Amino acid sequence: MGYNQQKHIRHGIRRYVRVSAIALTMLMLLAPFPIRAEFGDVVFNKHSEKEGVRPVIFPHWFHRIRFQCKVCHSELGFKMRAGDNVVLMSDIIEGKFCGMCHNDNIAWGADRCDLCHTGRPGLQSGVIGGASTGGPGRW
Amino acid sequence: MGRTSREQRRVKPARRWSWVMAVAIAISAGLAWAGNWKPLAQDGLHDPSNTALNQLQNPAEALSKLPPDTAGNQVNWVKALEQGKINPRTNIYAGTKVKVLDKKEPPDVLMKNTAELSMVRFPHKQHSEFLDCSNCHEGLFKSKAGTTPGFNMFNILQGEFCGRCHGAVAFPLTECKRCHNEPRPVPGGAAKAR
């Protein structure tokens, strides 16, 4: 193997190390940034953006301090799987789902759009934050 | 130019970049730690241009006062309830029957079929303090122990059974030992070292 060839290979290795270091560094720096939402936050966007409002973000942590799981998941009929609940504003205004409390009595009413429809445009529905289930490949 | 200086040149850049990587790892670890309980406007989920955001409570304000934990919301919710740090309502309808189970009836469920891992002791009490019986029975779980078909770790990791809540809203499935917490007794000796 000639000297020039060796030099060429070394140069290649060096460049490989440098490029992978840069890539890893960027990954490491970016990783914590994208979504740092709370564990158990749920995005509702099946209808929201189609209807011209922001997606809804439901914080489990906030509600859990005030209500046991059973209140919404047994009394109010929310199924325990993100995406299984079809929640329409018409139902809420009639006092179903969120509307059981969000009625200007226990909590703010359905006219306060911006307090629930708080999500960034383009969010996908689902449980966000922490290690949501969906298979080992997700971690 | 001697051979040694060529060698040095070959080593140096790699070493420099490994330093950069180490620093990056340290920074990102620091960010991940300091990043707990991000304000809503910075959590990547809420739209910062929504002027109503400042009327909502930020997680840190509420969660920093509750018993700490290392996973999920960084809050030990069971302890928070036991210690009276939170006092969540049990029902909205006046007629709803609220049932909390103590340890005697029905008892904790001991699941022995856990291969090499420790066995699982399922506490009915702590679960019934948050959930209604109907949340799990007879849908996710049969009431008779050992009769629920397909109840295994693979399905749990897919979000079924325990995984319906654990990993989504209750402590995540990376916390193996919180469930696999009962050492398997070995005949004629102390508990297995596993």
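Just so it is clear, the structure is predicted and the values come from calculations on it, not from any experiment.

## Observations concerning the overall build of chain B
So, step 1. Of the regular secondary structure elements, chain B holds seven helices and three strands.
So, step 2. Listed by position from the N terminus, the elements making up chain B come as α-α-α-β-β-α-α-α-α-β.
So, step 3. For chain B, the residues scored as buried account for 32% of the 194 residues in total.
So, step 4. Within chain B, counting contacts between residues at least 6 apart in sequence, those at least 24 apart form 39% of the total.
So, step 5. A total accessible area of about 12100 Å² is found for chain B, and carbon and sulfur atoms account for 58% of it.

## Considering the sheet that holds strand 3 (residues 126-128) of chain A
Where strands meet in a sheet, backbone hydrogen bonds hold them as pairs that are either parallel or antiparallel.
Residues and elements named next belong to chain A.
So, step 1. Taken together, three strands build an open sheet; the order of strands is 2-1-3 and the sheet is antiparallel. Whereas interior strands pair on both sides, the edge strands pair on one side only; in this sheet they are strand 2 (56-58) and strand 3. Pairs of neighbouring strands in the sheet enclose a mean axial angle of 30°, with direction left out of account.
So, step 2. Summarising the sheet, strand 1 (residues 41-44) and strand 2 pair through three bridges and their orientation is antiparallel. For Val42, the partnering residue across the bridge sits in strand 2 and is Phe58.

## Some details on the pattern of salt bridges
All names here are of chain B.
So, step 1. The final tally for this structure, using the stated rule, is eleven salt bridges over all chains.
So, step 2. Salt-bridge contacts for Asp69 lead to Arg178; the nearest nitrogen and oxygen are separated by 2.8 Å. Of this pair, Asp69 sits in the loop between helix 2 (59-63) and helix 3 (77-82) while Arg178 sits in helix 7 (residues 176-179); the two residues are 109 residues apart in sequence, bridging distant segments of the chain.
So, step 3. Look at Asp69 and you get buried, because its relative accessible area is 17%.

## As for the nonpolar core
So, step 1. Of all hydrophobic cores here, the largest spans 23 residues; its most connected members are Trp61 and Ile65 of chain A together with Leu63, Leu66, Trp77 and Ile86 of chain B.
So, step 2. Secondary-structure elements contributing two or more residues to this core are helix 2 (60-66) of chain A together with helix 2, helix 3 and helix 6 (153-157) of chain B.
So, step 3. Per element, the largest residue contribution to this core is three residues, and it comes from helix 3 of chain B.
So, step 4. In this structure, Trp77 of chain B is in contact with Trp61, Arg64 and Ile65 of chain A together with Leu63, Leu66, Ile86 and Phe130 of chain B, ignoring residues within four places of it in sequence.
So, step 5. Membership of the second largest hydrophobic core comes to eleven residues, among which are Phe67, Leu76, Phe97 and Cys101 of chain A.

## Some points on the packing of aromatic side chains
So, step 1. For the structure shown, the criterion picks out five aromatic pairs over all chains.
So, step 2. Plain terms: the ring middles of Phe141 of chain B and Phe161 of chain B are 5.7 Å apart, the flat faces sit at 50° to each other, and that makes the pair tilted. Taken together, the residues span a long stretch of sequence, with Phe141 of chain B in the loop between helix 5 (133-136) and helix 6 and Phe161 of chain B in the loop between helix 6 and helix 7 at a distance of 20 residues. Both residues of the pair, Phe141 of chain B and Phe161 of chain B, count as buried.
So, step 3. Sitting over the ring of Phe62 of chain A, Arg66 of chain A keeps its end group 3.7 Å from the ring centre.
So, step 4. The lysine or arginine in question, Arg178 of chain B, covers the ring of Phe171 of chain B, its NZ or CZ lying 5.1 Å from the ring centre.

## Observations concerning the interface of chain B and chain A
Many analyses report the size of an interface as the accessible area lost when the parts associate.
So, step 1. Contact with chain B, which involves 75 residues of that partner, is made by 63 residues of chain A.
So, step 2. At the boundary of chain B with chain A, total buried surface from both sides reaches about 6100 Å², with 63% on carbon and sulfur atoms.
So, step 3. Taken as a group, Trp17, Leu45 and Ile92 of chain B account for 12% of the area that chain B buries against chain A, more than any other trio of residues on that side.
So, step 4. Along the contact surface separating chain B from chain A lie two salt bridges.
So, step 5. Salt-bridge contacts for Asp47 of chain B lead to Arg54 of chain A; the nearest nitrogen and oxygen are separated by 2.9 Å.
So, step 6. There are 21 residue pairs in polar contact (both at pLDDT 80 or more) connecting chain B and chain A.
So, step 7. Of all the secondary-structure elements, those providing two or more residues to the side of chain B that touches chain A are helix 1 (3-34), helix 2, helix 5 and helix 6 of chain B.
So, step 8. Here the element with the most residues in the side of chain B that touches chain A is helix 1 of chain B; it accounts for 14 residues.
So, step 9. A class-by-class count of the residues in the side of chain B that touches chain A yields 38 nonpolar, 25 polar and twelve charged.

## Describing a nonpolar patch on the surface
So, step 1. Where nonpolar side chains cluster on the molecular surface, the patch consists of Trp19, Val23 and Ile27 of chain B and spans about 320 Å² of accessible area.
So, step 2. With respect to the helices, strands and loops of the structure, Val23 of chain B is situated in helix 1.

What counts as what
Residues numbered from 1 in each chain as written. Chains lettered and ligands numbered in written order. Predicted model: local features only at pLDDT ≥ 70, side-chain atom pairs only at ≥ 80, totals over all residues. Heavy atoms only, no water. Helix = DSSP H or I, 4+ residues; strand = E, 2+ residues; numbered from the N terminus. Buried < 20%, exposed > 50% of the residue type's maximum accessible area, 1.4 Å probe, protein only. Contact = heavy atoms within 4.5 Å. Areas by Shrake-Rupley, 256 points an atom, 1.4 Å probe, with all protein chains shown as cover. Pairing = 2+ DSSP bridges. Axes fitted to C-alpha atoms, helices over the stretch in contact; angles between N-to-C directions. Salt bridge = Lys/Arg side-chain N within 4 Å of Asp/Glu carboxyl O. Core = buried A, V, L, I, M, F, W, Y, C linked by side-chain atoms within 4.5 Å. Phe/Tyr/Trp six-rings, centres within 6.5 Å; stacked < 30°, edge-to-face > 60°. Lys NZ or Arg CZ within 6 Å of the ring centre and 35° of its normal. Buried area = accessible area lost by both parts, 1.4 Å probe. Polar contact = N/O pair within 3.5 Å; in protein donor to acceptor, adjacent residues only side chain to side chain. Nonpolar A, V, L, I, M, F, W, Y, C, P; charged D, E, K, R; others polar. Patch = residues over 30% accessible without salt bridge, like charges linked within 9 Å, V, L, I, M, F, W, Y side chains within 5 Å.

Shape descriptors only; they carry no functional weight alone.
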